[in-house]
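# Observations on the three-dimensional arrangement
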Amino acid sequence: MALIAAPAVLSVSACVGWGGYPPAKNVHESQLIGTWRARDCGTTVVLHPEGAASATGIPTEMELDSKVTHRVSGDGTWRIDEVGGEQQLDVVMGYEHISFDLYRDKGRLLVGLTVGDPDDMNWCVLTRQSKPAANAPGT
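Computed from a predicted model, the values in this text were never measured in an experiment.

We now examine the pattern of salt bridges. It is possible for side chains bearing opposite charge to pair when their charged atoms get close. Evaluation of the coordinates by the stated rule reveals two salt bridges. Asp81 is paired through a salt bridge with Arg79; the nearest N and O atoms lie 3.0 Å apart. Note that Arg108 is salt-bridged to Asp105, the shortest N-O span being 3.7 Å. A relative accessible area of 22% places Asp105 in the partly exposed class.

Nonpolar side chains in soluble globular proteins generally cluster together in the buried interior. Of all hydrophobic cores here, the largest spans 29 residues; its most connected members are Leu32, Ile58, Trp78, Leu89 and Phe100. Contributing elements (two or more residues each) for this core: strand E2 (34-38), strand E3 (43-47), strand E4 (52-62), strand E5 (68-83), strand E6 (86-93), strand E7 (96-105), strand E8 (108-114) and strand E9 (122-130).

A few words now on unusual backbone geometry. Of note in the backbone geometry, Asn26 takes a positive phi value of approximately 55° without being a glycine. Looking at the element boundaries, Asn26 is found in the loop between strand E1 (4-5) and helix H1 (29-32). The class of Asn26 is exposed, set by a relative accessible area of 61%. In this structure, Lys106 is a non-glycine residue whose phi angle is positive, near 55°.

Secondary-structure assignment places Asp90 in strand E6. Buried within the structure, Asp90 lacks any salt-bridge partner; its nearest side chain of opposite charge belongs to Arg79, at an N-O separation of 4.7 Å. A distance of 3.5 Å separates polar atoms of two side chains, one belonging to Asp90 and the other to His97.

Turning to its location among the elements, Asp65 is positioned in the loop between E4 and E5. Exposure remark for Asp65: the relative accessible area of 55% places this residue in the exposed category.

What follows deals with the pairing of E5. As paired elements, E4 and E5 share eight bridges and run antiparallel to each other. Across the sheet, residue Ser54 finds its bridge partner in E5, namely Asp75. With antiparallel pairing between neighbouring strands as the criterion, E4 and E5 make up a hairpin whose turn holds five residues, including Ser66 at a positive phi of roughly 70°. The sheet contact formed by E5 and E6 spans seven bridges and is antiparallel. Its bridge partner being in E6, Val83 is matched across the sheet by Glu86. Between E5 and E6, which pair antiparallel one after the other, the connecting turn spans two residues, and Gly84 there sits at a positive phi close to 60°.

Criteria and thresholds
- Within each chain, residues carry numbers counting from 1 in the order of the written sequence.
- The predicted origin of the model limits local features to residues at a pLDDT of at least 70 and limits the giving and counting of side-chain atom pairs to 80 or more, whereas totals for whole chains, interfaces and linings rest on all residues.
- To get the side-chain values, all heavy atoms of the structure are used, and hydrogens and water are removed first.
- Salt bridges are defined by distance alone: a side-chain nitrogen of Lys or Arg within 4 Å of a carboxyl oxygen of Asp or Glu.
- Working definition: with a 1.4 Å probe on protein chains only, accessible area under 20% of the residue-type maximum means buried, over 50% means exposed, and in between means partly exposed.
- For the purposes of this section, nonpolar cores are sets of buried Ala, Val, Leu, Ile, Met, Phe, Trp, Tyr and Cys residues that join through side-chain atoms within 4.5 Å.
- Here a helix means four or more residues in a row that DSSP labels H or I, a strand means two or more in a row labelled E, and each is numbered from the N terminus.
- Here the positive residues are Lys and Arg and the negative ones are Asp and Glu; neither His nor the chain ends is included.
- Polar contacts, as used here, are pairs of N or O atoms within 3.5 Å; protein pairs need one atom able to donate a hydrogen and one able to accept it. Residues neighboring in sequence count only if both atoms are side-chain atoms.
- The pairing criterion is simple: DSSP has to find at least two bridges between the two strands.

Okay, structure coming up:
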């Protein structure tokens with residue numbers, strides 16, 4: 001399965017997020033535009049400059065044995081929100097509202113999703129696979 005399991009000794013604090021990645025600061029919309037993928041999770045999210053989004057296979061629920069029981073796919077919208085002093089990526093598709101955490105790993109921006117109960121420590125990490133072409137509409 002594509003989800004990352006953290007060791008039981010991992011502690012999450014205000015300065016270090018899951019996986020030990022620090023939360024990203026001062027993220028701008030232009031840094032998120034493009035295609036984000038977590039191959040291990042079977043998830044692809046495409047963020048367009050005008051706030052439109054499309055996604056395939058976002059896991060939203062799973063059982064304790066790491067079996068995904070619900071996935072979301074479709075078209076919708078996205079934006080950056082701030083919750084508790086930290087930025088997050090919010091994607092809305094129909095009635096589904098999915099919040100992704102934003103982290104940095106050695107300067108690289110990561111988009112992270114906690115799947116199911118946070119105490120189960122099932123995470124999906126998306127990395128940017130492509131940016132839009134410089135001459136693409138809306139860029």
